[in-house]
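Secondary and tertiary structure notes
For reference, the chains in residue letters:
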Amino acid sequence: MLGFWDYTVVLTYISFASACTGIFCAVSMRLHWAIFFLAICGLCDMFDGKIARTKKGRTEEEKSFGIQIDSLCDIVCFGILPIIICYKSGMNRFYSLPILVFYGLAGLVRLAYFNVMEEKRQAQTEEARKYYQGLPITSMAIALPALFVAASILSNHKLFLAAMHILVLAVGTLFITDFKLRKPTTKEVILLVAAVALAVLVIVFVGHEIKMHRFRKIMGGLCMYKPVVPFVLHALYGR
């Protein structure tokens with residue numbers, strides 16, 4: 001069988017499967033679950049490198065494969081998935097599409113550049129990186145859920161869409177901006193995981209119930225026959 005299938009890459013494969021599931025959710029307009037799976041991708045990415053480095057005596061082929069498969073997975077998880085989420089959330093105007101394309105291209109260029117530099121670095125040292133060069137593409141797994149938390153609380157959709165446009169453009173620009181960003185410590189990673197987990201819980205449960213409540217009020221006012229409402233709600237939001 002081609003490829004490597006040991007424990008050092010299992011989180012990367014789980015992350016890819018999660019991204020595919022998130023894409024399916026996004027195109028089905030179950031955006032709260034798409035955000036949930038984006039967060040799962042971010043969680044896997046936080047720990048895949050740490051797990052890979054626990055294996056001693058990795059061959060050069062294994063190291064190179066790990067770098068390549070991680071970046072290929074990242075472009076799906078933190079490039080394609082956020083683009084689809086944003087598009088289905090309302091970034092589908094003529095002026096929105098260039099921003100989404102730029103974001104995807106910036107992420108792709110960043111990952112390709114990282115692959116080149118990381119292979120060169122690993123040929124010189126076994127130590128883990130202490131700094132990121134530019135904003136890591138994984139950051140979208142934190143930024144987008146945070147934006148959706150705000151959307152779950154606020155009812156101004158125009159403000160939400162404006163913030164989303166600014167966020168996508170800013171994050172894409174920072175992907176390819178040359179600056180050093182210190183990698184978080186273990187404690188900081190745990191805090192990040194906890195913060196993202198809390199945000200996702202708000203989106204999946206609280207935000208969804210808020211949206212359902214508002215939609216019920218709208219449908220209750222528009223429908224002449226009350227029994228129709230539950231069936232419409234089930235068709236649109238059925239679990």
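Look above for the structure.
Overview of the structure. Once a new chain begins, its residue numbering starts again from 1 and follows that chain's sequence as written. Reporting of local features is limited, given that this is a predicted model, to residues whose pLDDT is at least 70; pairs of side-chain atoms are given and counted only at 80 or more, and all residues count toward the totals for whole chains, interfaces and linings. Hydrogens and waters are ignored; side-chain quantities use all the structure's heavy atoms.

Each helix is a run of DSSP H or I of at least 4 residues and each strand a run of E of at least 2, with the numbering of both proceeding from the N terminus. For the protein chain, the count of helices and strands is 8 helices and 2 strands. The helix and strand sequence of the protein chain, counted from the amino end, reads α-α-α-α-β-α-α-β-α-α. With 239 residues in all, the protein chain has 41% of them scored as buried. Note on contacts: a residue pair is in contact if any heavy atoms of the two residues lie within 4.5 Å. Of the contacts made within the protein chain by residues no fewer than 6 positions apart, 80% connect residues no fewer than 24 positions apart. Classification of residues uses two cut-offs on accessible area relative to the type maximum, computed with a 1.4 Å probe and protein chains only: under 20% is buried, over 50% is exposed, and between them is partly exposed.

On to the packing of helix H2 (residues 31–52) against helix H5 (residues 140–153), then. Between H2 and H5, whose axes approach to 9 Å, the crossing angle comes to 150 degrees. One way to sum up the angle between H2 and H5 is to call them roughly antiparallel. The chirality of how H2 crosses H5 is left-handed. Each of Leu31, Ile35, Leu38, Gly42 and Met46 in H2 lies in contact with H5, whose residues at this interface are Met140, Ala141, Ile142, Leu144, Pro145 and Phe148. Three classes are used: nonpolar for Ala, Val, Leu, Ile, Met, Phe, Trp, Tyr, Cys and Pro, charged for Asp, Glu, Lys and Arg, and polar for all others, with Gly counted as polar. Across the contact of H2 with H5, the residue classes break down as 10 nonpolar, 1 polar and no charged. A fitted line through C-alpha atoms serves as each axis, taken over the contacting stretch for helices, and the angle formed by two N-to-C directions is quoted from 0 to 180°. Angle categories: roughly parallel below 35 degrees, roughly antiparallel above 145, roughly perpendicular from 65 to 115, and oblique for all the rest. By definition, turning the near helix anticlockwise from the far helix through less than a right angle yields a left-handed crossing, and turning it clockwise yields a right-handed one.

Okay, the side chain of threonine 12 next. By the element assignment, threonine 12 lies in helix H1 (residues 10–27). On the basis of relative accessibility, which here comes to 6%, the residue threonine 12 falls in the buried class. For threonine 12, the residues in contact, after removing those within four places along its chain, are Asp48, Ile69, Asp70 and Cys73.

In this section: unusual backbone geometry. Notably, methionine 29 is not glycine yet its phi reads approximately 65 degrees, a positive angle. Along the chain, the position of methionine 29 falls in the loop between H1 and H2. Looking at methionine 29, the relative accessible area reads 42%, which means it is partly exposed.

This paragraph deals with the pattern of salt bridges. The term salt bridge refers to a side-chain nitrogen of Lys or Arg lying within 4 Å of a carboxyl oxygen of Asp or Glu. For the coordinates displayed, the defined rule picks out 4 salt bridges. Taking the shortest distance from any N to any O, the salt bridge between aspartate 6 and lysine 55 comes out at 2.8 Å. Residue aspartate 6 is located in the segment before H1, and its partner lysine 55 is located in the loop between H2 and helix H3 (60–89); the two are separated by 49 residues in the primary sequence. A salt bridge links lysine 63 to glutamate 60, with the nearest nitrogen and oxygen atoms 3.9 Å apart.

This paragraph deals with the nonpolar core. Residues Leu38, Ile85, Met140, Leu144, Phe148, Met164 and Val168 are the most contacted members of the largest nonpolar core, which totals 43 residues. Those elements giving two or more residues to this core turn out to be H1, H2, H3, helix H4 (97–122), H5, helix H6 (157–175) and helix H7 (186–222). At 9 residues, the largest contribution of residues to this core is made by H3. When residues no more than four places from it in sequence are discounted, the contact partners of valine 168 are Cys86, Met91, Ile99, Leu100, Tyr103 and Met140. Note on terminology: a nonpolar core comprises buried Ala, Val, Leu, Ile, Met, Phe, Trp, Tyr and Cys residues joined through side-chain atoms within 4.5 Å.

Moving on to the side chain of glutamate 62. Along the chain, glutamate 62 turns up in helix H3. For glutamate 62, a relative accessible area of 16% corresponds to the buried category. By the criterion applied in these results, polar contacts are pairs of N or O atoms within 3.5 Å in which, for protein atoms, one can donate a hydrogen and the other can accept it, and in which residues neighboring in sequence qualify only through two side-chain atoms. Within the structure, glutamate 62 has its side chain in polar contact with the side chain of lysine 55 (distance 2.9 Å). From its side chain, glutamate 62 meets the backbone nitrogen of threonine 59 in a polar contact 2.9 Å long. In this structure glutamate 62 touches Phe4, Asp6, Lys55 and Gly57, once residues within four positions along its chain are discounted.

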